[in-house]
Amino acid sequence: EAGVAQSPRYKIIEKRQSVAFWCNPISGHATLYWYQQILGQGPKLLIQFQNNGVVDDSQLPKDRFSAERLKGVDSTLKIQPAKLEDSAVYLCASSLTPSGRGETQYFGPGTRLLVL
Amino acid sequence: QKEVEQNSGPLSVPEGAIASLNCTYSDRGSQSFFWYRQYSGKSPELIMFIYSNGDKEDGRFTAQLNKASQYVSLLIRDSQPSDSATYLCAGAPNSGGYQKVTFGTGTKLQVIP
C-alpha cells in the first residue's frame, strides 16, 4: 500500500513570496490533515478535511494560508505572502475515517520550508 | 495553558533499561490518546493508542492512562539504541463526530549503548 505522498520535499523562498505544497493521501482515506511543525515543537493542526469539505480550520492563518482538496483526494496548501515565521515542516496526514477511537493518522514525509 | 504537556528532555537511559515517558493533558473531554515516535528529520509514526483507563501492552511498549489524574504515560522495556527518538503524546476529544488531535511538544529519548 502506497503511503502519503508530498511534494516538494524542500523549498527555500524569500519572505513575501508565495509557495504551494501538494499532498496525495493513502487511497481510500477520507480524512486529510495539514500540520505545521516548527523545530522543537509538536505538529500543529492547520486544517482538516473530510472528503472535500473542511471540518476544522480554526488554527489556519486565513489571511495568508489557504488549502483545498478537490474531488476529495489530493490537496494543496498555499502560503501567500510568506513570513519568516512560516519556516517549518509542513506535514500532510490521512486517516480512513475522522471519527472513532484510535483512528490512526499516517503521515507523509513532509515539506521543509525555509523562508529567508 | 498548553493542552498536552510533555517534558522536552532529553531523557537518557542505558540500553536494556525501562524508559518512562509522561504526558499530562488539560482537556477533560479528551477521549483518545496516542503515542507517536519521530526520528530526527522524519515524520511521526504511531506506536500506540489508548482510550480506556489502565494499561495497554504491545510488545516492549506499555501505554498507561489515568483519566482522573489526566495523565498518560509510555513505558519502553528493554530500551534499545534504535528507540532513540522524540516521542509525541497526543490527545483527541470525540467532538462533533470527528477527532481533532492535539500534540504535545515531544520528549527526546536517548538510549545509551
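Now for a look at the structure at hand. (Residues numbered from 1 in each chain as written. Chains lettered and ligands numbered in written order. Predicted model: local features only at pLDDT ≥ 70, side-chain atom pairs only at ≥ 80, totals over all residues. Heavy atoms only, no water.)

**Some details on the side chain of histidine 29 of chain A**
All names here are of chain A. You can see histidine 29 is positioned in the loop between strand S3 (19-24) and strand S4 (31-37). With relative accessibility at 9%, the residue histidine 29 sits in the buried group. Separated by 2.8 Å, the side chains of histidine 29 and serine 94 make a polar contact. Separated by 3.4 Å, the side chain of histidine 29 and the backbone nitrogen of serine 95 make a polar contact. Dropping the residues within four chain positions of it, histidine 29 is found in contact with Arg69, Ser94, Ser95, Leu96 and Tyr106. (Helix = DSSP H or I, 4+ residues; strand = E, 2+ residues; numbered from the N terminus. Buried < 20%, exposed > 50% of the residue type's maximum accessible area, 1.4 Å probe, protein only. Polar contact = N/O pair within 3.5 Å; in protein donor to acceptor, adjacent residues only side chain to side chain. Contact = heavy atoms within 4.5 Å.)

**Section: the pattern of salt bridges**
Residues and elements named next belong to chain A. One pass over the full model with this rule turns up five salt bridges over all chains. Residue arginine 64 pairs with aspartate 86 through a salt bridge whose shortest N-O separation is 2.5 Å. Of the two residues, arginine 64 sits in the loop between strand S6 (53-56) and strand S7 (65-68) while aspartate 86 sits in the loop between strand S8 (75-79) and strand S9 (88-95), which places them 22 residues apart along the sequence. Each member of the pair, arginine 64 together with aspartate 86, is buried. (Salt bridge = Lys/Arg side-chain N within 4 Å of Asp/Glu carboxyl O.)

**Side note on the pairing of S8 of chain A**
Residues and elements named next belong to chain A. Only one face of S8 is covered, namely the face carrying Ser75, Leu77 and Ile79; the face carrying Thr76 and Lys78 is uncovered. The pairing of S3 with S8 spans five bridges and is classified as antiparallel. Paired with phenylalanine 21 across the strands is leucine 77, a residue of S8. Relative to S8, S7 runs antiparallel, the two being bridged by four bridges. Directly across from glutamate 68, in S8, lies its bridge partner threonine 76. (Pairing = 2+ DSSP bridges.)

**Concerning the sheet that holds strand S1 (residues 5-7) of chain A**
Residues and elements named next belong to chain A. What the four strands build is an open sheet, ordered S1-S3-S8-S7; its pairing is antiparallel. Each of the sheet's edge strands pairs with one partner strand only, and the pair in question is S1 and S7. Across this sheet, the average inter-strand angle for adjacent strands is 15 degrees, counted without regard to direction. (Axes fitted to C-alpha atoms, helices over the stretch in contact; angles between N-to-C directions.)

**Topic: the state of the cysteines**
Applying the stated criterion across every chain, the model contains two disulfides over all chains. At a sulfur-sulfur separation of 1.9 Å, the disulfide partner of cysteine 23 of chain A is cysteine 92 of chain A. Its S-S torsion of approximately -70 degrees makes the covalent link between cysteine 23 of chain A and cysteine 92 of chain A left-handed. You can see cysteine 23 of chain A sitting in strand S3 and its partner cysteine 92 of chain A sitting in strand S9, a full 69 residues away along the chain. Both residues of the pair, cysteine 23 of chain A and cysteine 92 of chain A, count as buried. Disulfide partner of cysteine 23 of chain B: cysteine 89 of chain B, at an S-S distance of 2.1 Å. Its S-S torsion of approximately -70 degrees makes the covalent link between cysteine 23 of chain B and cysteine 89 of chain B left-handed. One end of the pair, cysteine 23 of chain B, is in strand S3 (residues 19-25); the other, cysteine 89 of chain B, is in strand S9 (residues 85-95), and 66 residues separate them in sequence. A residue is classified by how much of its surface remains accessible, and cysteine 23 of chain B, at 1% relative accessible area, is buried. (Disulfide = S-S within 2.5 Å.)

**Structural notes on the environment of isoleucine 79 of chain A**
Residue and element names in this part refer to chain A. You can see isoleucine 79 is positioned in strand S8. A residue is classified by how much of its surface remains accessible, and isoleucine 79, at 0% relative accessible area, is buried. The spacing of isoleucine 79 and serine 66 is 13 residues in sequence and 6.6 Å in space, taken between C-alpha atoms.

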